[in-house]
Structures are given as C-alpha cells and as structure tokens.
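Summary of structural features
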Amino acid sequence: MPRTSFAAALEAEWIKLRSVPSTRWLPLTTVLSITGVSALVDAFIAEGQRREDGAEYDAFALVHYGVNFGQLALVAFAVLAVAGEYGAGTIRASLAAVPDRRLFAAAKLTVITAVALVTAIASSLTCILAARLLLPAGDISLTAAATWRTAFGQVVYLVLLAVICAGVTFVLRTPMASMGLLIPLIFLGTAALTAIPGVREVARFLPDKAGQRIMRLREFNAYELAPWPGVLVMALWAIAAVVAAVTVFRRRDV
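First, a word on scope: everything that follows refers to the structure included in this document.

Criteria and cut-off values
Residues numbered from 1 in each chain as written. Predicted model: local features only at pLDDT ≥ 70, side-chain atom pairs only at ≥ 80, totals over all residues. Heavy atoms only, no water. Helix = DSSP H or I, 4+ residues; strand = E, 2+ residues; numbered from the N terminus. Rg over C-alpha atoms; globule rule 2.2 N^0.38 Å. Buried < 20%, exposed > 50% of the residue type's maximum accessible area, 1.4 Å probe, protein only. Contact = heavy atoms within 4.5 Å. Axes fitted to C-alpha atoms, helices over the stretch in contact; angles between N-to-C directions. Left-handed = near helix turned anticlockwise from the far one by under 90°. Nonpolar A, V, L, I, M, F, W, Y, C, P; charged D, E, K, R; others polar. Salt bridge = Lys/Arg side-chain N within 4 Å of Asp/Glu carboxyl O. 1 Å grid on protein atoms, 1.4 Å probe; cavity = no way out; pocket = protein on both sides within 12 Å on 5 of 7 lines; lining within 4 Å. Points joined across faces, edges and corners; volume = space filled by probe spheres on them. Core = buried A, V, L, I, M, F, W, Y, C linked by side-chain atoms within 4.5 Å. Polar contact = N/O pair within 3.5 Å; in protein donor to acceptor, adjacent residues only side chain to side chain. Parallel < 35°, antiparallel > 145°, perpendicular 65-115°, else oblique.

A count of helices and strands for the chain gives twelve helices and zero strands. Mapped from its N terminus to its C terminus, the chain presents α and β elements in the order α-α-α-α-α-α-α-α-α-α-α-α. In terms of C-alpha radius of gyration, the chain reaches 19 Å, essentially the compact-globule figure of 18 Å for 254 residues. Classification of the 254 residues of the chain by burial places 47% in the buried group. Once local pairs closer than 6 in sequence are excluded, the contacts in the chain between residues at least 24 apart make up 77%.

Spelled out as structure tokens, the structure:
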C-alpha cells in the first residue's frame, strides 16, 4: 500500500470538517457569539462599569468579555472534530486510509488548529472594531500597543483552547466524556477553585485562568499570573494534551 502523504491527510481532514454541519457552522457561531456578547457589554455596561471601578477600570475586560461565552462553541467544534468519527463509526475507515497514526493525528490537529486560528482572528478583530464604535471615547485606541496585545491574546487563547480540547478528546474519544470534563473545568471549575483561599494559588495555573490574563491590562486578583507567563502556562497545557493524545492514540486498537 503506498504511503499516504501529509498533504493528502490534510485534505481528507478538511473535507471531513466541511462535510459535517456541526463542525462547519460552529466556527461561525463562535465568532458571532463572542462578538455579539462583547458588543452588548460595550454598549450597555461600559459606562456603569467605569463609574463602579474608578481608577481600576479596564476597558479590555469588556472588549473581550464575549470570549467567556463564545468559547463554548469552539470547545464543541474541537471535540466534535475528533469524536465525530468515533460516533459515526468511520474511524476504522479513516485509519485504513491513513494507517500511520502519528500522521493521522497530526493532520487532524493541524486542520483543527488552522480553523481555530481563522476563527480566533475574525472574533478578535470584530471585538476590537465593535469596541471602538461602542465604547466611550478614549477607552481604547487602534494605535495603542495594549489594544493589539489583548487582541493577539484573544487569538492565542482560543487557538490553544481548541488544541487542548482536541487533545483531550483524542484520549477520551466520546463527545459526552470530553464535554463532561471540559465544560465544568473551563466554565465552573476554575471559578469555584479561585474562590477558595489556599486553593486559588494553584487554580491560577489552570489553562483558562492562565490564558485569559493576557486579554486584560489589570489583574482582578493579586494571585493571578502575569500575561505572558499565563500564555506560557496555557501553551504547556496544550503541548501536554497533544503528547497525551498521540501517545494514547498510537497504543490502543482504535
């Protein structure tokens, strides 16, 4: 049997993503939900938040606020992009076409990452433009380095989140198990753990807590990581997820 090329494996994975309605529409849903929520917050909450926070006001916490909600669609995209083949029973056919499991995993993770990158860039730029139109004058500037640092941070965070979710799903295989672990961890676990004295110092190293710090200029709490170390911590989580995914995927039957 001739060896499958990486380009052919990439093309196959891209066709799979485009062929399934859920993985085709979830990236667009991610952009719309992130931008929509952020725009609503910019339009209706900014003035009151400025008065309440005073000197501690951070406009970028509002600019990228929609990430807290829209990331759910991106998590679902990454999970379904991997687990969909197990649910549909096509994983055996896919492995028959691409028997090299490292190549198969690399191609799937590359396509998921590429789609997440385009999605993240689109959501970040639309959040910045919406904020420029809706926030009070002077809150953000399109020429300020801080604006583009936080915009870059949103892109990096969302891409790394997609990689982590895809890696976890390679290990767990089913959407139910993967979402059952990821959703409480990302949306509930971190918030609960960071409220517990003595535990929150460790909880700051969880991927979402560490990665989202770069989207703000100010700390919410004294125990938070600095922006760039936070990105590094999340990147290490993503690397660990990929290593675990490839290791487990290569060792089991399917």
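Our focus in this paragraph is the packing of helix H5 (residues 67-88) against helix H8 (residues 145-172). Two numbers describe how H5 lies on H8: the axes approach to 8 Å, and their chain directions differ by 35 degrees. For the pair H5 and H8, the crossing hand works out as right-handed. Between H5 and H8, the contacting residues are Val67, Gln71, Leu74, Val75, Ala78, Val79, Val82 and Ala83 on the first element and Gln154, Tyr157, Leu158, Leu161, Ala162, Cys165, Ala166, Thr169 and Phe170 on the second. Of the residues assigned to the contact of H5 with H8, the class counts are 14 nonpolar, three polar and no charged.

With that settled, consider the pattern of salt bridges. One pass over the structure, following the stated rule, counts nine salt bridges. Arg218 is the salt-bridge partner of Glu56, the closest N and O atoms lying 3.9 Å from each other. One end of the pair, Glu56, is in the loop between helix H3 (46-53) and helix H4 (59-63); the other, Arg218, is in the loop between helix H11 (207-212) and helix H12 (227-251), and 162 residues separate them in sequence. Connected via shared salt-bridge partners are Glu13, Lys16, Glu85 and Lys108.

Turning our eyes to something else, we now look at the layout of surface pockets. Approximately 760 Å³ is the volume attributed to the largest pocket. In terms of lining residues, the largest pocket is bounded by 31 residues, among which Tyr65, Asn68, Gln212, Arg216 and Phe220 are the most central. Counting residues per element, the ones that place at least two in the lining of the largest pocket are H3, H4, H5, helix H9 (175-193) and H11. Put simply, the second largest pocket is a space of about 200 Å³. In this structure, the second largest pocket is lined by 15 residues; those nearest its centre are Lys16, Val20, Ala81, Gly84 and Glu85. Mapped onto the lining of the second largest pocket, the elements with two or more residues apiece are helix H1 (6-19), helix H2 (21-44) and H5.

As a further point, take the nonpolar core. Core analysis: the biggest nonpolar cluster contains 64 residues, and Val63, Leu135, Cys165 and Phe170 have the highest contact counts within it. Sort the elements by how many residues they give to this core and H8 lands first, with 15 residues. Beyond its immediate chain neighbours, meaning those up to four positions away, Val63 contacts Ser38, Asp42, Cys127, Ile128, Ala131, Leu135 and Ile140.

Further remarks concern the side chain of Thr119. On the secondary structure map, Thr119 appears in helix H7 (residues 101-134). Thr119 gets classed as buried once you look at its relative accessible area, which sits at 6%. Side-chain polar atoms of Thr119 contact the backbone oxygen of Val115, separated by 2.8 Å. Leaving out residues up to four positions away in the same chain, Thr119 has contacts with Pro27, Thr30 and Val31.

We now examine the packing of H2 against H7. One can describe the packing of H2 onto H7 by two numbers: an axis separation of 9 Å at closest approach and a directional angle of 20 degrees. Of the possible angle classes, the one that applies to H2 and H7 is roughly parallel. Relative to H7, the crossing made by H2 is right-handed. Here H2 contributes Pro27, Thr30, Val31, Ile34, Thr35, Ser38, Ala39, Asp42 and Ala43 to the contact with H7, which in turn contributes Val115, Thr119, Ala122, Ser123, Thr126, Cys127, Ala130, Ala131 and Leu134. Split by residue class, the contact of H2 with H7 holds eleven nonpolar, six polar and one charged.

Attention now moves to the environment of Gly211. Along the chain, the position of Gly211 falls in helix H11. Overall, the relative accessible area of 3% leaves Gly211 in the buried class. Considered as a pair, Gly211 and Leu225 are 14 residues apart in the sequence and their alpha carbons are 9.2 Å apart. Every residue in contact with Gly211, bar those within four places of it in the chain, is listed here: Tyr157, Gly230 and Met234.

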